[in-house]
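Analysis of the macromolecular model
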Amino acid sequence: MSVPSPESGPPRAKVSEREARQVAEAAREQDWRKPSFAKELFLGRFRLDLIHPHPVPAEDDARRGEEFLARLRAFCETEVDPARIEREARVPDATVEGLKRLGALGMKIDPRYGGLGLTQVHYNKALALVGSVSPAIGALLSAHQSIGVPQPVKIFGTQEQKDRFLPRCARTDISAFLLTEPDVGSDPARLATTAVPDGDAYVLDGVKLWTTNGVVADLLVVMARVPASEGHPGGITAFVVEADSAGITVEHRNAFMGLRGIENGVTRFHRVRVPADRRIGPEGAGLKIALTTLNTGRLSLPAMCVGAGKWCLKIAREWSAVREQWGRPVALHEAVGAKISYIAATTFALEALVDLSSQMADEDRNDIRIEAALAKLYGSEAAWRIADELVQIRGGRGYETAESLAARGERAVPAEQLLRDLRINRIFEGSTEIMHLLIAREAVDAHLSVAGDLIDPDTTLADKARAGVRAGGFYARWLPGLVAGPGQLPTAYGEFGELATHLRYVERSARKLARSTFYAMSRWQGRMETKQGFLGRVVDIGAELFAMSAACVRAEHLRATGPHGRAAYQLADTFCRQSRLRVEELFTRLWSHTDDLDRKVVRATLDGAYTWLEEGVLDPSGDGPWIADATPGPSERENVHRRIR
């Protein structure tokens, strides 16, 4: 045993906080050309007309989607062995080949390129289905289609690139997305992988970390920095790269707490020549391409969280009905019953949130960048708690592995595996903390658009004066609308019956949230961006309000169109009442919190003031640097890349 030195590791690129923010801001999609329900919600305007009546898929799209789901279900029931995947920490090649034959690699690819052309709604339902059997397979399919080669090429690629790559991705080739580096996570300003122009090609050098699908990929989307030079504006740029190109080495297959079958690795590029026609979009557009791809790509993760919630509800129902304590089923004991109620109500709301956002993505009438981000944030946090509650309901059996349960003659319920598998969702595709900041930036975009120069210390006095005029006009129109609204009328939203009270609450709370945000900007001005605790709570309130809205709209849709309306109303009512308690607590914590004390403790901790508190234990960590050396150069390791053919 030895203690890693905090000074060990490679030299780190020096980028100021302001420079990092400028890079991130430049990559944002800054125009709002379409309406956004969530954006309006954060501005205090409850635009129910944007989500109600609930949008529905076209009949042909629904028929094709349901037909594929039936085939996928049959495949998962007969051809997928989740216990083997967990045991061997690998999805068998035969299973992947079966998915290829089924067309699962091309679910979102247009039929003209050999894909299935499913809607976002049915693509997400497919991920929920397959992810409930094996989250590792769900991750493979999602990484391939949601952020891998197909999506950026579909949106930003040339026709020649679409003709070349989409047919391969639809049937035979697995793709991966490579952005993260050993010392670069959510701060792309320090991206170190380079792509140096060389005639009609670029030469790539660098190391990429956590490359989901990278170990088995045939095609890669790689983000690299092009140095500025004559004829080259430079900047972070996206490339499609053949995974078996000379100079590419998969140096390591990573192993994790969960998702044991995931093919995630470390990939080194050493003087890899990439033809210029493999560049996606112009130089410098790489981050914008990545963020735009994620706008709808993020919906795949909460879709699999929906699948997890449904499975947890099934197991909780079955187990709690047969397990007896003190003369009656444990479900009838209030402490356990509250957990089951939470699982059922939250799963209903989460499915409502994902289906609504997905249908809006298919219709393309709304800008859903905030909705998709909220779905990812809310889904990943809710599913984690749902799985944790299931483990608690199962007690010791929840902590025991499925293999051990089976070995001693009981049903092999992989509750502990689900908990491990779901944990990464709070980190994947933007951690909860990063999602809070990303959504908060979009939520206050209207304010920064009119008043940003007022709080920018580098803005000239003349620009501040012009900004003051703009801000005065905006707030003169906006602030009066936050005083009163339909939420104060006892008859508003009456078509929703007993759920109308919850929609009135959402409308009132949206105005209250907007007033709180305005007050905070007035109070902290340029320091607002440093108040991450406050911003996170603002976003969490918005997420709850969005989930409540989606739950009510879905319940009314089911009441009008199907046999489960009464049950849906009960679930929506229960969820909203639970959610309102959380919202009220969050509103209180906007102004009553320990943020300042927390900062003092953090500084003292980093200064070593509490090292005495660490005494009395041993550190079992191994030796080595905190961050691996990613110095460019030839690989000294065996290439563990393998192709599934």
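Remember, it's a predicted structure, so these values are computed and weren't measured experimentally.

1. Some thoughts on the packing of aromatic side chains
A full pass over the atoms with the stated rule returns 13 aromatic pairs. Look at Trp 524 and Phe 534: their rings are 5.2 Å apart centre to centre, the planes differ by 80°, and that puts the pair in the edge-to-face class. With Trp 524 in helix α20 (residues 500-524) and Phe 534 in helix α21 (residues 532-561), this residue pair connects regions lying ten residues apart in the sequence. Exposure remark for Trp 524: the relative accessible area of 11% places this residue in the buried category. Grouped by ring-pair contacts, the aromatic residues Phe 37, Phe 46, Tyr 493 and Phe 546 constitute a single cluster. Just above the ring of Trp 319 sits the side chain of Arg 394; from NZ or CZ to the centre is 4.7 Å. Cation over ring: Arg 423 sits above Trp 384, and NZ or CZ is 5.4 Å from the ring centre.

2. Brief notes about a nonpolar patch on the surface
Together, Val 601, Tyr 610, Trp 612 and Leu 613 make up a nonpolar patch on the protein surface, roughly 420 Å² of accessible area in all. With respect to the helices and strands, Tyr 610 occurs in the segment after α23 (595-606). Residue class for Tyr 610 comes out partly exposed when judged on its relative accessible area of 30%.

3. Observations concerning helix α12 (residues 334-363)
Look at α12: 43 Å from first C-alpha to last across 30 residues, which is about the 44 Å you get at 1.5 Å a residue. Judged by how many residues are buried, α12 sits mostly within the fold: 21 of 30 residues are covered. With its phi angle positive at about 60°, Asp 364 sits one or two positions after the end of α12.

4. Notes on the pattern of salt bridges
Should their charged atoms come close, side chains of opposite charge can pair. As enumerated under the stated definition, the model contains 51 salt bridges in all. Of the charged contacts in the structure, one is a salt bridge between Arg 420 and Glu 86, with a shortest N-O distance of 2.7 Å. Here the residue Arg 420 occupies a position in helix α16 (residues 415-423), and Glu 86 occupies one in helix α4 (residues 82-88), the gap between them amounting to 334 residues. No difference in accessibility class separates Arg 420 from Glu 86, as the two residues are buried. For Asp 93, the salt bridge identified is with Arg 642, shortest N-O distance 2.9 Å. With Asp 93 in helix α5 (residues 93-102) and Arg 642 in the segment after α23, this residue pair connects regions lying 549 residues apart in the sequence. Take Asp 93: its relative accessible area is 36%, and that puts it in the partly exposed class.

Definitions and cut-offs
Residues numbered from 1 in each chain as written. Predicted model: local features only at pLDDT ≥ 70, side-chain atom pairs only at ≥ 80, totals over all residues. Heavy atoms only, no water. Phe/Tyr/Trp six-rings, centres within 6.5 Å; stacked < 30°, edge-to-face > 60°. Helix = DSSP H or I, 4+ residues; strand = E, 2+ residues; numbered from the N terminus. Buried < 20%, exposed > 50% of the residue type's maximum accessible area, 1.4 Å probe, protein only. Lys NZ or Arg CZ within 6 Å of the ring centre and 35° of its normal. Patch = residues over 30% accessible without salt bridge, like charges linked within 9 Å, V, L, I, M, F, W, Y side chains within 5 Å. Areas by Shrake-Rupley, 256 points an atom, 1.4 Å probe, with all protein chains shown as cover. Salt bridge = Lys/Arg side-chain N within 4 Å of Asp/Glu carboxyl O. Expected span 1.5 Å × (residues − 1).

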